[in-house]
Amino acid sequence: MLNDFDTIIERRSTYASKWQVNEGELPLSIADMDFKCSKKIRDAIQRRLDNGIFGYTDVPDAWYEAYMYWWEKRHNFKIAKDWLMFCTGVVPAISSTVRKITTPAEKVVVLTPVYNIFFNSIYNNGRYINECKLKEIDGRYEIDFIDLEEKLKDPQTTLLIFCNPHNPIGKIYTKEELAKVGELCAKHHVTVLSDEIHCDLVDPGEHYIPFASVDDTCKYNSITCVAPSKAFNLAGLQSSAIIIPNKDLYHKINRAINTDEIAEPNAFAIDATIAAFKESEGWLDELRAYVYENKCYIRDYIAHNIPELKVLDSKATYLLWIDTRALGHDAGYISEYIRKTSGLILSDGDHYRGNGYDYLRMNTAYPKKIIAEAMTRLKKSIETLKEEDHEKNN
Ligand SMILES: Cc1ncc(COP(=O)(O)O)c(C=O)c1O
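Here the structure is a predicted model, which means the values were calculated and not measured.

A. Up close: the environment of T324. On the secondary structure map, T324 appears in the loop between strand 12 (319-323) and helix 11 (331-342). With 35 residues separating them in the primary sequence, T324 and Y359 have C-alpha atoms 5.6 Å apart. Ignoring sequence-local partners within four residues, the contact set of T324 consists of L309, A331, I334, D358, Y359 and L360.

B. How the structure looks around the sheet that holds strand 4 (residues 128-133). Within the open sheet, the seven strands sit side by side as 2-10-9-8-7-3-4. Their pairing is mixed. Where the open sheet ends on each side, the last strands, each with one partner, are strand 2 (84-87) and strand 4. Across the sheet, the mean angle from the axis of one strand to that of its neighbour is 25°, orientation sign disregarded. Strands in contact with helix 8 (residues 247-259) are strand 2, strand 9 (222-226) and strand 10 (240-243); relative to strand 2, the strand with the most contacts, it is inclined by about 15°.

C. Fine view of the site of the ligand. Not every one of the 13 residues close to the ligand is listed here, only the nearest: A31, G89, V90, V91 and Y115. Of the residues in the shell around the ligand, the class split is eight nonpolar, four polar and one charged.

D. Geometry of the domain arrangement of the chain. Here the chain is described as being made up of domain 1 (12-39 + 281-393) and domain 2 (53-279). Each of domain 1 and domain 2 was reduced to a C-alpha centroid, and the two centroids are 26 Å apart. Secondary-structure elements contributing two or more residues to the side of domain 1 that touches domain 2 are helix 10 (281-305) and strand 12. A breakdown of the residues in the side of domain 1 that touches domain 2 according to their chemical character gives 13 nonpolar, eight polar and seven charged.

E. Highlighting the packing of helix 1 (residues 39-51) against helix 9 (residues 269-279). Remark: helix 1 packs on helix 9, axes separated minimally by 8 Å, with the N-to-C direction vectors making an angle of 150°. One finds that helix 1 runs roughly antiparallel with respect to helix 9. Between helix 1 and helix 9 lies a crossing of right-handed hand. Contact with helix 1, carried on its side by K40, I41, A44, I45 and R48, involves D271, A272, I274, A275, A276 and E279 of helix 9 and no other residues of that element.

F. Representation of the pairing of strand 9 within the structure. Counting buried positions over the five residues of strand 9 gives five, a clear majority of the element. Here strand 9 shows a buried face lined by S222, T224 and V226 and a second buried face lined by I223 and C225. Here strand 9 runs beside strand 10; their pairing, made up of three bridges, is antiparallel. From the neighbouring strand, C225 faces strand 10, where its bridge partner is I242.

G. Fine view of unusual backbone geometry. In the segment running from T112 into P113, the intervening peptide bond is cis, with an omega of 5°. Summarising the element assignment, P113 is placed in the loop between strand 3 (107-112) and helix 4 (117-123). Put simply, N167 and P168 share a cis peptide bond, and its omega is 15°. When you line up the elements, P168 lands in the loop between strand 7 (157-163) and helix 6 (175-187). Despite not being glycine, D138 shows a phi value in the positive range, around 50°.

H. Local environment of the packing of helix 3 (residues 90-101) against helix 8. Where helix 3 meets helix 8, the closest approach of the two axes is 9 Å, and the angle between their N-to-C directions is 115°. As helix 3 packs across helix 8, the resulting crossing turns out to be right-handed. Two secondary-structure elements touch here, helix 3 through A93, S96, T97, R99 and K100 and helix 8 through K252, I253, A256 and I257. Split into classes, the residues belonging to the contact of helix 3 with helix 8 amount to four nonpolar, two polar and three charged.

I. View of the sheet that holds strand 14 (residues 347-348). With antiparallel pairing, the four strands of this open sheet are ordered in space as 11-12-15-14. For this open sheet the edge positions go to strand 11 (310-311) and strand 14, each flanked by a neighbour on one side alone. Two elements, strand 12 and strand 15 (residues 359-363), share five bridges in a ladder whose sense is antiparallel. Bridging from a neighbouring strand, D323 pairs with Y359 of strand 15. Most of the contacts of helix 11 go to strand 15, to which it runs at about 45°, and overall it touches strand 14 and strand 15.

J. Representation of helix 8 in the model. In this model helix 8 runs 18 Å from its N-terminal to its C-terminal C-alpha over 13 residues, within 8% of the 18 Å that 1.5 Å per residue would give. Along helix 8, the residues that are buried comprise I253, A256 and I257. Along the long axis of helix 8, the arc covered by the buried residues comes to 90°, so they all point the same way. In helix 8, the exposed positions that point more than 90 degrees away from the buried face belong to K247, D248, H251 and T259. Remark: E261 follows helix 8 within two positions and exhibits a positive phi of approximately 60°.

Here is what the cut-offs are and how they apply
Position numbers for residues start from 1 in each chain and track the written sequence from start to end. pLDDT decides what is reported in this predicted model: residues at 70 or higher carry local features, side-chain atom pairs at 80 or more are listed and counted, and totals for whole chains, interfaces and linings draw on all residues regardless. The secondary structure listing takes helices from DSSP runs of H or I that are at least 4 residues long and strands from runs of E that are at least 2 residues long, numbered from the N terminus. Two residues form a contact once the distance between their C-beta atoms, set from the backbone, is within 7 Å. Being paired, for any two strands, means DSSP has found at least two bridges between them. Simply put, an axis is a line fit to the C-alpha atoms, just over the touching stretch for a helix, and the angle between two N-to-C directions goes from 0 to 180 degrees. Using a C-beta atom placed from the backbone, a residue is described as near a molecule or strand when that atom lies within 6 Å of it. Under the scheme applied, nonpolar residues are Ala, Val, Leu, Ile, Met, Phe, Trp, Tyr, Cys and Pro; charged residues are Asp, Glu, Lys and Arg; polar residues are all the others, including Gly. Each domain's extent is set by a domain assignment, obtained either automatically or from a database. Orientation categories follow fixed angle ranges, with anything under 35 degrees roughly parallel, anything over 145 roughly antiparallel, 65 to 115 roughly perpendicular, and all other angles oblique. Left-handed is the label given to a crossing in which the near helix is rotated counterclockwise from the far helix by less than a right angle, and right-handed is the label when the rotation is clockwise. For every residue, the other C-beta atoms within 10 Å of its own C-beta are counted; 20 or more classify it as buried, 12 or fewer as exposed, and values in between as partly exposed. C-beta atoms are placed from the backbone. An expected span of 1.5 Å times one less than the residue number is assigned to each helix. Think of it as the arc spanned by the lines of direction from the helix axis to the C-beta atoms.

Laid out in structure tokens, this is it:
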């Protein structure tokens, strides 16, 4: 490997959200990575820093070209320049879309368990969450299309927030699934917001399909949110893009993000984004291989040492979704117990709704030494939990 993913980097002193925890605790929680971003990105930021003036910044042609180049090369999807707009993040884009496309008290459909901040974007804006629960069959999640159509045909439903690939379950949707979602939404006049922020983090050999690339129905009824922030570890730089091929929809969302004042980049966002998509492909492929090894190691370790936990199959994201049902407690109890007994912090799956109360979410984007330490802590905590339960029951 040309890039170093093994070195442990101290993050507490940078106010990293994930690391604002007690001394000795190990957070495998919030979805950013404990790896330095690519040298090309760091160089681009350094050049910008050396200029020393951090005034207002426009979005140059090179920014549009970087997205067009990347999506065609990596995802076989030709994006036109006038489908694209800059936004200061995917979550700001989602909240702004909720406000523009729906009116208060209308319903927004989400397929759960899903990224919990979707619920905030809906609820905080006075809209209702219309939850369509994914069906879990033998460790694989499927869309319940009958239930989805029921939710979509509710006259109060005006928007679907879709996650492709899907956080936290790591599912990559097939073309057939995407086409069916697109067809049902168009049939019931529901706009689709497809959050594709995790799309570049698929396992080696896997491919994601952009929702808008599926067919004209999907293309002209969708708002797609993408960003370099997950794959290239730039979340703190607040840089994303919205892709909208439908001109009327484009105009609406463009007005929305300008009204909300989330359409202008900070001084580093543009250079970092261009360096990511134009110069960091090799880094990304090495990162994906490294994360994949971590995922395999964890799966293997848990299967051999903590058989009460079951790691679900994940084809995308650096997140693993772990079934805790065999322990006989809900995941909220288990995550608190693990934190208390070993300091390891995993996310309680209940935050993501659906059947998440029986799952833990684990971030695997760490140097291997940290992952090994996390496994030791997890094993110790689960052993103690079982011993305590045994004593209580006998
Ligand atoms: C599905 C999904 N969307 C959006 C975000 C956050 O996006 P941003 O930081 O650009 O607001 C995350 C972060 O975990 C995510 O998992």
